[in-house]
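Single-letter residue listing:
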Amino acid sequence: MLVKNPYSWLVSFFRRPYHGTRTETLDAFVDRPFPVMTGRENADPSANLPAQIWNQKNTAYVALEDAATYASIVRYEDFLEDEEGTLSRTAEALSIPKKEAFESIENASKVADTAKRSDYVDYYLQEKWREDLNPAIVARINGMLDQELVERLGYARIESEHAL
């Protein structure tokens, strides 16, 4: 299961809300209820603010990892930093045989996306998504995030005065 920093996940979700309606600003998005596809996602429809959705999804991943013999959580940022090593460690943890030769995928998976892997590495590892945040947004997000979950997944809380 692939997890992403909650703050960068919210910025990404804002930019590409999939089955929801896009709002004009991240500020409005953070406080706007989002339609949860309860049948497909087995989610609590009353916890439908974007940060609450991150909590639900990642709580479910942690529960699955704790309960299943073969389940592994991979941080997106670790994958970007060391793609081959992260895949190798995950394959070993899950007892999956690896191919002899590793081949990185350079192009984005979405047809309309012209970004390259190096663009994602730069954006996420340099935390350029922080440019979309401000102290007020960060404070509201922090009030909704499950901080124990954030820490368990190896992420750090952003203090609102350090938003940018």
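Figured I'd write up the structure that's included with this text. From a predicted model like this one, the values you see are computed outputs, not experimental measurements.

## Regarding the overall build of the protein
Okay, step 1: What the protein contains, in helices and strands, is 9 helices and 2 strands.
Okay, step 2: Secondary structure elements in the protein, listed N-terminal to C-terminal, are β-α-α-α-α-β-α-α-α-α-α.
Okay, step 3: Within the protein, contacts between residues at least 6 apart in sequence are counted, and of these 58% link residues at least 24 apart.
Okay, step 4: As displayed, the protein has an accessible area near 10,000 Å², and 51% of this comes from carbon and sulfur atoms.

## Concerning the packing of helix H1 (residues 6–15) against helix H4 (residues 50–67)
Okay, step 1: Two numbers describe how H1 lies on H4: the axes approach to 10 Å, and their chain directions differ by 120°. One finds that H1 runs oblique with respect to H4. When you trace H1 past H4, the crossing you get is right-handed. Counted together, Pro-6, Trp-9, Leu-10 and Phe-13 of H1 and Pro-50, Ala-51, Ile-53, Trp-54 and Lys-57 of H4 form the full contact between these two elements.
Okay, step 2: Each residue belonging to the contact of H1 with H4 can be placed in one class, and the counts come to 8 nonpolar, no polar and 1 charged.

## Brief notes about the packing of aromatic side chains
Okay, step 1: For the structure on display, the rule yields 7 aromatic pairs.
Okay, step 2: Cluster of aromatic residues (ring-pair linked, three or more members): Trp-9, Phe-13, Phe-14, Phe-29 and Phe-34.
Okay, step 3: It is Arg-75 that lies over the ring of Tyr-155; its NZ or CZ is 4.5 Å from the centre.
Okay, step 4: Arg-117 extends its terminal NZ or CZ atom over the ring of Phe-79, reaching a point 5.8 Å from the ring centre.

## Considerations on the environment of Leu-80
Okay, step 1: Turning to its location among the elements, Leu-80 is positioned in helix H5 (residues 76–81).
Okay, step 2: On the basis of relative accessibility, which here comes to 5%, the residue Leu-80 falls in the buried class.
Okay, step 3: In this structure the C-alpha to C-alpha distance between Leu-80 and Asp-122, which are 42 residues apart in sequence, comes to 9.1 Å.
Okay, step 4: Other than its neighbours up to four places away in sequence, Leu-80 contacts Arg-117, Tyr-120, Val-121, Tyr-124 and Leu-125.

## Details of the pattern of salt bridges
Okay, step 1: Counted under the stated rule, the structure contains 10 salt bridges.
Okay, step 2: Among the ionic pairs, Asp-66 bridges to Arg-152, the shortest N-O distance being 2.5 Å. In this pair, Asp-66 is assigned in helix H4 and Arg-152 in helix H9 (residues 147–152), connecting sequence segments 86 residues apart.
Okay, step 3: Between Glu-83 and Arg-117 there is a salt bridge whose closest N-O contact spans 2.9 Å. With Glu-83 in helix H6 (residues 83–93) and Arg-117 in helix H7 (residues 117–125), this residue pair connects regions lying 34 residues apart in the sequence. Per residue, the accessibility class of Glu-83 equals that of Arg-117, and both read buried.
Okay, step 4: Bridged by salt links that share partners, the residues Asp-27, Asp-31 and Arg-140 form one connected network.

Cut-offs and rules
- Residues numbered from 1 in each chain as written.
- Predicted model: local features only at pLDDT ≥ 70, side-chain atom pairs only at ≥ 80, totals over all residues.
- Heavy atoms only, no water.
- Helix = DSSP H or I, 4+ residues; strand = E, 2+ residues; numbered from the N terminus.
- Contact = heavy atoms within 4.5 Å.
- Areas by Shrake-Rupley, 256 points an atom, 1.4 Å probe, with all protein chains shown as cover.
- Axes fitted to C-alpha atoms, helices over the stretch in contact; angles between N-to-C directions.
- Parallel < 35°, antiparallel > 145°, perpendicular 65-115°, else oblique.
- Left-handed = near helix turned anticlockwise from the far one by under 90°.
- Nonpolar A, V, L, I, M, F, W, Y, C, P; charged D, E, K, R; others polar.
- Phe/Tyr/Trp six-rings, centres within 6.5 Å; stacked < 30°, edge-to-face > 60°.
- Lys NZ or Arg CZ within 6 Å of the ring centre and 35° of its normal.
- Buried < 20%, exposed > 50% of the residue type's maximum accessible area, 1.4 Å probe, protein only.
- Salt bridge = Lys/Arg side-chain N within 4 Å of Asp/Glu carboxyl O.

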